[in-house]
Amino acid sequence: MNSPIGNAIEKRDNGPASVIEQYKPELALVAASHVRVDTFARLAVGVLRQDEKLAAAARANPGSLMSALMTAARLGLEPGTEQFYLRPIRRKGKPEVQGIVGYQGIVELIYNAGAASSVVVEVVRESDEFNYVPGLHERPVHKANWFGDRGDLVGVYAYAVMTGGATSKVVVLSRTHINRAKAKSDGVDSDYSPWRTDEEAMWLKTAARRLGKWVPTSAERRTATVERTDTPTLVGATAGALGAADPDEDEGPVEAELEPAGGWPEAAQPGGAA
């Protein structure tokens, strides 16, 4: 009969934490140069220990966990934060971990490229004043009562100010555009979907992703970085660094492109713990 200590060790060794530890060399191979893999792994384990449903999905499908973590490492983003969400979903009735680049992660990617001095992404609400005429206005004119009731979300816009002072293409999206993007999202009905837990952030991200078609991004940090002029809703773009990692045009699952030659591990044994 196993002792309590032996049982605890067995559970630990079968859990996602041990899987992350086992595959740290693979994470190091694909990680952006500024990522410290030991710190990255500790962050991931900490997230799993704080979320029982996420830990359960990782135990049931550790391969999906490592796929998501490989993508986060490759992009140089912190897992389990607003840079890179980790959420439990069910696909074909089976639990797994899904990774989604968050809007704060998009901020990092665009500033890493060094092509823009600032990027503005802001939602528009019912009581706001908003005016933008392409060809007449260089940038949108947006007036809001920041300390009053601004009403429901009605739109979102995004643009970048490049290092030379020029303004990038301006992206303006209505609720109709956002709803179309939302409809394409994988797992949107899940209780863990960011569309449910942080709708405004997803509006911001959708606009930033569209802007990302026009603004460079990078997973690698430049040695000489531009001075940031962030505001509370300053967001970045995604196209160059994300590439095939976030394949859906508007929102969808993020899958790693690389895996070990022997493949990811099979589902852990029952009783595994994060």
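Bear in mind the structure is a predicted one, so any value in this text is a computation, not a measurement. (Residues numbered from 1 in each chain as written. Predicted model: local features only at pLDDT ≥ 70, side-chain atom pairs only at ≥ 80, totals over all residues. Heavy atoms only, no water.)

(A) How the structure looks around the packing of aromatic side chains. Applying the stated rule across the entire model yields 2 aromatic pairs. Ring geometry for F130 against Y157: centres 5.2 Å apart, planes inclined by 40 degrees, an arrangement best described as tilted. You can see F130 sitting in strand β4 (residues 129–131) and its partner Y157 sitting in strand β6 (residues 153–162), a full 27 residues away along the chain. A centroid spacing of 6.5 Å and a plane angle of 10 degrees characterise the contact between Y157 and Y159, whose relative ring orientation is stacked. Neither residue differs from the other here; Y157 and Y159 are each classed as buried. Linked through ring pairs, F130, Y157 and Y159 together constitute an aromatic cluster. (Phe/Tyr/Trp six-rings, centres within 6.5 Å; stacked < 30°, edge-to-face > 60°. Helix = DSSP H or I, 4+ residues; strand = E, 2+ residues; numbered from the N terminus. Buried < 20%, exposed > 50% of the residue type's maximum accessible area, 1.4 Å probe, protein only.)

(B) Quick look at the pairing of strand β7 (residues 171–174). Here β7 shows a buried face lined by V171 and L173 and an unburied face lined by V172 and S174. Both β6 and β7 contribute to a ladder of 4 bridges, which runs antiparallel. Among the inter-strand pairings, Y157 is bridged to a residue of β7, identified as V172. (Pairing = 2+ DSSP bridges.)

(C) Highlighting the nonpolar core. Counting 58 residues, the largest nonpolar core has I20, L27, L69, V121 and V156 as the members making the most contacts within it. The element contributing the most residues to this core is helix α6 (residues 62–75), with 8 residues. Membership of the second largest hydrophobic core comes to 6 residues, among which are V124, Y157, Y159 and V161. (Core = buried A, V, L, I, M, F, W, Y, C linked by side-chain atoms within 4.5 Å.)

(D) Quick peek at the pairing of β6. Burial of β6 is extensive: 9 of the 10 residues sit out of reach of the surface. Note that strand β3 (residues 116–125) and β6 share 9 bridges and pair antiparallel. Each bridged residue has a counterpart across the sheet, and for S118 the counterpart in β6 is V161.

(E) View of the packing of helix α4 (residues 37–50) against α6. The N-to-C vectors of α4 and α6 enclose an angle of 135 degrees; their axes lie 12 Å apart at closest approach. By the criterion of interaxial angle, the relationship of α4 to α6 is oblique. Judged by the sense of rotation from one axis to the other, the crossing of α4 with α6 is right-handed. Residues F40, A44 and L48 of α4 form the contact with α6, whose participating residues are L65, L69, A72 and A73. (Axes fitted to C-alpha atoms, helices over the stretch in contact; angles between N-to-C directions. Parallel < 35°, antiparallel > 145°, perpendicular 65-115°, else oblique. Left-handed = near helix turned anticlockwise from the far one by under 90°. Contact = heavy atoms within 4.5 Å.)

(F) Seen up close, the side chain of S64. Here S64 is to be found in helix α6. Assessed through its relative accessible area of 10%, S64 is described here as buried. The residues touching S64, leaving out its near neighbours within four places in the chain, are E96 and V97.

(G) Representation of the pattern of salt bridges within the structure. All told, the structure shown has 6 salt bridges when counted by the stated rule. Measuring nitrogen to oxygen at the nearest pair gives 2.7 Å for the salt bridge that ties D38 to K24. Here D38, found in helix α4, pairs with K24, found in helix α3 (residues 24–30); they are 14 residues apart in sequence, far enough to count as distant. Looking at D38, the relative accessible area reads 44%, which means it is partly exposed. The salt bridge involving R125 is made with E200; its shortest N-O contact spans 2.7 Å. Of the two residues, R125 sits in strand β3 while E200 sits in helix α10 (residues 199–211), which places them 75 residues apart along the sequence. The exposure class assigned to E200 is partly exposed, which follows from its relative accessible area of 29%. Each member of the salt-bridge network shares a partner with another, and the members are E21, K24 and D38. (Salt bridge = Lys/Arg side-chain N within 4 Å of Asp/Glu carboxyl O.)

(H) The sheet that holds β6, seen in detail. Taken in spatial order, the 3 strands of this open sheet run β3-β6-β7, and their pairing is antiparallel. Sheet topology places β3 and β7 at the edges, where each strand pairs with a single neighbour. Mean inter-strand twist for the sheet, computed between neighbouring axes without regard to direction, equals 10 degrees. Packing of α10 onto the sheet brings it into contact with β3, β6 and β7, and relative to β6 it is tilted by some 45 degrees.

(I) Region of the structure containing the environment of A60. Tracing the sequence through the fold places A60 in helix α5 (residues 52–60). For the pair formed by A60 and E96, sequence separation is 36 residues and the distance between their alpha carbons is 6.9 Å.

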